[in-house]
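Summary of the model geometry
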Amino acid sequence: MKTLKGIGVSPGYAVGKAIVIREALIDINSSAYTSAEEELKKFQSAVAVFTKKTRELIESLTRSAGKKNADILNGHIVMLNDPFMLSQINDSIQGGKTAAQATDAVCNSFYDMFATVDDEMMKQRASDILDIKNSIIGILCGENGVAIEDVPKGSVMIAKDFTPSMTSRINRENVYAIIAEAGSVTSHSAILARAIDIPAVLSVKNASELIKDGDLLAIDGSKGKILFDPDQETVQKYENARQSYFEEKASLAEYFSRETVTKNGVKKAVYGNIGKPEDAEAVIQNGGEGIGLFRTEFLFMDRPSLPTEEEQFEAYSTVAKAMGTKEVIIRTLDIGGDKAVPYLEIPKEDNPFLGYRAIRYCLDNPDIFKIQLRAILRAAYFGNIKIMLPLITDTEEVLSAKALIAECEKELESEGVLFKKGIPLGVMIETPAAVLIADELAKIADFFSIGTNDLTGYVMAVDRGNGKVSGLYSVQKSAVLKAIEMTVKSAKSVGIPVGMCGESAADSELIPKLVEWGLDEFSVTPNSILRTRKEICECD
Amino acid sequence: MVSKDTVVVDKMGLHMRPANNFISAMTKYKSDITIVFGDKKINGKSIMNIMAACIKYGSHITIICDGEDEQAMLDEAVNLIESGLE
C-alpha cells in the first residue's frame, strides 16, 4: 500500500474518498478599469459582502468550535477595515488600478511584510491576509470559491493550505478528515480541526498532486499517516478505530471539566508530559491540570551548538504563558549517556546508563547549566513554573543545584532582569539511591516526581531493550512497587507533594494502588489524561 | 498635541486580540493617535501597522494624540495599555 506521512495535528481515524481543492485561477485583470469612483464602489460592496459572509461564518463557528476560535475570523473583519490598508487601496485605485488589482497589490505588500518576520504569530497573520485577499478578489471577479460546504458524506479534503475561512466552512458531518501541504500543530487550521474534532494531517509534501480526486484513503490523525487504496481488512480496521475513538471520546468527554477527585473525596491532579512547547496545546485540549514533565532535551538535540539563553527563555515562557496559572514542571537537561549530543563532546561510555549524564553532567558544567537555570527563572515570571532535577542519587547534588540557582538569582537581580525568585525545586525519583534516601531528600526538596521508566530499569537491574531479560522490566514487580510506595510515604511524612511522570501513571492496574498510597499528581501523555482522570475518579 | 510614555504589560505583546481591543476603543475618538516605538511611528488606529511593528511585552512606547479630544483619548489609551488588553 502506498503511504504518505505528515504531521498529525488532530487525532482520530477515517476512511474516505479524496476531494482535492484546487485553487481557482482567477484572472485579476479580467475586468477593465472604469473610473476611480466606480472601482471604489465595487471594492466597498465587495467588503460589505465579505463582512456579511464572515459574520455568518463566525456565528456558525461560535456554535461548533467556541467563541475564542471564532475570534480568528473576527480579526479578518478588523484587518480589512484597517484605515492604513483602506487608504492604500484607495490610492492604488486613484492611480488607475481596478478594485481587484488594487486589492491584490496592497494585500501582497502586507503579506510580504508579515511573512518575512521570523515569528510564528506573524506568519499566521500572513496567512490571514492571503485568506482575505482571495475572498475579496473572489467576490470581485465573480468566483464563489470552492463549494466546501457541499462535499458528499465520507469525503477527505485535500488542499495546499486550509485558510481559517476554508476550515470554518467545513461540514463536519460530511468531511471525515483534512490533509494539507502547509501548516503545523499551532496553525489555525490545526486548532480549528481539533475544535470541530475531525482528523487532520498537515505538512504533507505535494499532497494535492500526489492525491487524485476519488482516491480511497485511510487516515490516522494522531500519527499523521495516510494510506492509499487500503484493502478490505485495513478499511475495517480503520472504521473500527474511528468508531471506538468516538465512543471513547464520548464516554470521556464528561471528565474534561470534572475535578480529579476519588470516591472518598480526595483531591488528585492529572497533568500532561510534553517534549516541545507546542505540545502544551494538547495538554490544554485534553483537560490537563498542568504539565508534570516538560522535557528540555529537544532544545539541545539535532543542532550544531548550544541553545542560547534567549532561545531557551522563549521556549519555556511560551509554555508558561499558554498554561496561565497552571503548574509547569520543567525538568533540567537530561542528556548524555544514551541521548548523545555531538557538540557536547561527551566521550562514548561502556555503561551510559551508569555514566556521565543528566544532573551529573550539568553540575560538572555549571556554565551550561546556569544558562538553562537563568532562562527558567526568567520564564517563571510569566507563569507557574517549577524546576525538577533528574537522576538525583545524593542530597549533595540537590544542594549544589540550589546554590547555582541562588547564584543565577543574584546575577539576574543585579542585571535588573525580570524573573521570579524562590521557585519550587523538586527531585525526580528514578534511582534506587533516591528511593533509599527519600526521607532525606524530602527535607530539602519542595516536591517529588517518580520517573518510573528509569526507576524500573535501575531497580530491576534490567535493560528493557535486551530481549533475553526484558521480561523482568515491569512496574508490577514487587521491588518496583515497594520502591514507589516508599517514595510516596517519605514525601507524605514530610508533607511535600509527590507525583509520577512515567508511563505507569496511566497504568490502569497501578492507578488504584497509587491512589491508595497517596500519590498526588499523575502526569501522563496528553492523550491519556481523560482516561486517567476517569480511572482515578472511580477509585475509593 | 499631548503625549505620554508607557510600557506594554500584555504578556503576548500587542498581537491580534489585544491590538483589536485597543483599536476598537481608539476609533471612538476624532483625534489622531501615533505610537512611537523605537524609530517607528505607528498609526494607532491601524491594526496592520500595530501588528507589523511587533510590539512585545515590556516594550517602552510613547503615545501621541493630536486633535479636538486628544486628552481623553490619551488617558484612555495609556490606561488600556497599562491595565492589559487581553
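Above this note sits the structure.
Our subject in this report is the structure included herewith.

Conventions and cut-offs
Residues numbered from 1 in each chain as written. Chains lettered and ligands numbered in written order. Predicted model: local features only at pLDDT ≥ 70, side-chain atom pairs only at ≥ 80, totals over all residues. Heavy atoms only, no water. Helix = DSSP H or I, 4+ residues; strand = E, 2+ residues; numbered from the N terminus. Buried < 20%, exposed > 50% of the residue type's maximum accessible area, 1.4 Å probe, protein only. Areas by Shrake-Rupley, 256 points an atom, 1.4 Å probe, with all protein chains shown as cover. Lys, Arg positive; Asp, Glu negative; His and termini not counted. Charge placed at Lys NZ, Arg CZ, Asp CG, Glu CD. Rg over C-alpha atoms; globule rule 2.2 N^0.38 Å. Contact = heavy atoms within 4.5 Å. Expected span 1.5 Å × (residues − 1). Pairing = 2+ DSSP bridges. Axes fitted to C-alpha atoms, helices over the stretch in contact; angles between N-to-C directions. Parallel < 35°, antiparallel > 145°, perpendicular 65-115°, else oblique. Nonpolar A, V, L, I, M, F, W, Y, C, P; charged D, E, K, R; others polar. Buried area = accessible area lost by both parts, 1.4 Å probe. Salt bridge = Lys/Arg side-chain N within 4 Å of Asp/Glu carboxyl O. Polar contact = N/O pair within 3.5 Å; in protein donor to acceptor, adjacent residues only side chain to side chain. Core = buried A, V, L, I, M, F, W, Y, C linked by side-chain atoms within 4.5 Å.

Take the overall build of chain A next. The helix and strand tally for chain A stands at 20 helices and 16 strands. Across its three principal axes, chain A shows a C-alpha extent of roughly 85 × 65 × 50 Å. Among the 540 residues that make up chain A, the fraction classed as buried is 51%. With an accessible surface of roughly 23,800 Å², chain A has 51% of that area assigned to carbon and sulfur atoms. Taking the 61 positively charged and 78 negatively charged side chains of chain A as two groups, their mean positions are separated by 3 Å.

Take the overall build of chain B next. Scanning chain B for helices and strands turns up three helices and four strands. For chain B, the α and β elements follow one another from N to C terminus as β-α-β-β-α-β-α. Computed over C-alpha atoms, the radius of gyration of chain B comes to 11 Å, within 12% of the 12 Å expected from 2.2 N^0.38 for 86 residues, which places it in the range of a compact globule. Projected onto the principal axes, the alpha-carbon positions of chain B cover approximately 30 × 25 × 20 Å. The burial tally for chain B puts 52% of its 86 residues in the buried class. For chain B, contacts bridging at least 24 residues in sequence account for 71% of all contacts bridging at least 6. With an accessible surface of roughly 3,900 Å², chain B has 49% of that area assigned to carbon and sulfur atoms. Positive and negative side-chain charges of chain B, numbering 9 and 12 respectively, have mean locations separated by a distance of 7 Å.

Take helix H2 (residues 67-80) of chain A next. With 14 residues, H2 of chain A extends 20 Å from end C-alpha to end C-alpha; this agrees with the ideal 20 Å at 1.5 Å per step. Along H2 of chain A, the residues classified as buried are Asn69, Ala70, Asp71, Ile72, Leu73, Gly75, His76, Ile77, Met79 and Leu80 of chain A.

Quick look at the pairing of strand S4 (residues 155-159) of chain A now. All names here are of chain A. Counting buried positions along S4 gives five out of five residues, so the element sits mostly inside the fold. By the alternation rule, side chains of S4 split into Ser155, Met157 and Ala159 and Val156 and Ile158, which are all buried. Judged from the four bridges that link them, strand S3 (residues 13-20) and S4 form a sheet pairing that is parallel. Across the sheet, Lys17 pairs through a bridge with Ser155, a residue of S4.

Moving on: the packing of helix H1 (residues 36-65) of chain A against H2 of chain A. All names here are of chain A. Remark: H1 packs on H2, axes separated minimally by 8 Å, with the N-to-C direction vectors making an angle of 170°. The angle between H1 and H2 places the two elements in the roughly antiparallel class. Residue-level inspection shows Val47, Phe50, Thr51, Thr54, Arg55, Leu57, Ile58, Leu61, Thr62 and Ala65 of H1 in contact with H2, the latter providing Lys67, Asn69, Ala70, Leu73, Asn74, His76, Ile77 and Leu80. Counted by class, the contact of H1 with H2 contains ten nonpolar, six polar and two charged residues.

Listed per partner, the contact involves 17 residues of chain B and 24 residues of chain A. For the pairing of chain B and chain A, the buried interface totals around 1,800 Å² over both sides, and the portion due to carbon and sulfur atoms is 71%. By the criterion of area lost to chain A, the three top residues of chain B are Lys11, Met16 and Met48 of chain B, representing 33% of everything that side buries. For the pair chain B and chain A, the interface holds zero salt bridges. Here chain B is connected to chain A by three residue pairs in polar contact (both at pLDDT 80 or more). Contributions of two or more residues to the side of chain B that touches chain A are made by helix H1 (16-26) and helix H2 (47-52) of chain B. When residues of the side of chain B that touches chain A are assigned to their parent elements, the largest contribution, five residues, is made by H2 of chain B. Here the residues of the side of chain B that touches chain A are counted per class, giving eight nonpolar, five polar and four charged.

All names here are of chain A. By size, the foremost hydrophobic cluster in this structure holds 87 residues, and its most contacted members are Phe448 and Ile484. The element that contributes the greatest number of residues to this core is helix H13 (residues 366-380), accounting for eight residues. Membership of the second largest hydrophobic core comes to 51 residues, among which are Met85, Ile93, Phe114 and Ile132.

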